[in-house]
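# Per-entry structural report
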Amino acid sequence: SWAAKPKARKMKIKKRGIPKCARCGKSVYANEKIEAMGKDFHTSCFHCIECNRRVTPITYCEGGDNELYCKPCYAKFFAPKGHGYGGAVV
């Protein structure tokens, strides 16, 4: 008589405490982590959402939509009109 062998169970290793990138959702390890706006990012994901320019924790701006912007794009979209890109101030 043929007896079925029990299947070997694969052990799942849970990664506890490893933060996820706010931009791509993948695990962020300490050697590639940037913290900003109370979130964790990969160094490669830490760029302006509009023009993809690399920013640093010192040079980024947080937009009204909780995204990362470089200073020129932030001024273009969120600064008062007449400041840099907007219409003329009368």
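Now for a quick tour of the structure. (Residues numbered from 1 in each chain as written. Predicted model: local features only at pLDDT ≥ 70, side-chain atom pairs only at ≥ 80, totals over all residues. Heavy atoms only, no water.)

## Structural notes on the environment of Cys-73
Tracing the backbone shows Cys-73 in helix 1 (residues 71-78). Along the sequence, Cys-73 and Arg-53 sit 20 residues apart, while their C-alpha atoms lie 9.7 Å from each other. What Cys-73 contacts, discounting residues up to four positions off in sequence, is Cys-48, Glu-50 and Cys-51. (Helix = DSSP H or I, 4+ residues; strand = E, 2+ residues; numbered from the N terminus. Contact = heavy atoms within 4.5 Å.)

## Points about the nonpolar core
Ala-36, Met-37, Phe-41, Phe-46, Tyr-60 and Leu-68 are the most contacted members of the largest nonpolar core, which totals 15 residues. If you list the elements that add at least two residues to this core, you get strand 1 (33-36) and strand 4 (68-69). Discounting chain neighbours no more than four positions away, the residues touching Phe-46 are Ile-34, Ala-36, Phe-41, Arg-54, Val-55, Thr-56, Pro-57, Tyr-60 and Leu-68. (Core = buried A, V, L, I, M, F, W, Y, C linked by side-chain atoms within 4.5 Å. Buried < 20%, exposed > 50% of the residue type's maximum accessible area, 1.4 Å probe, protein only.)

## So, the side chain of Ser-27
By secondary structure assignment, the location of Ser-27 is in the segment before strand 1. Taking the relative accessible area as the measure of exposure, Ser-27 reaches 15% and is therefore buried. At a separation of 3.1 Å, a polar atom in the side chain of Ser-27 contacts the side chain of Lys-20. Contact partners of Ser-27, with chain neighbours within four places excluded, come to Ile-18, Pro-19, Lys-20, Glu-32 and His-42. (Polar contact = N/O pair within 3.5 Å; in protein donor to acceptor, adjacent residues only side chain to side chain.)

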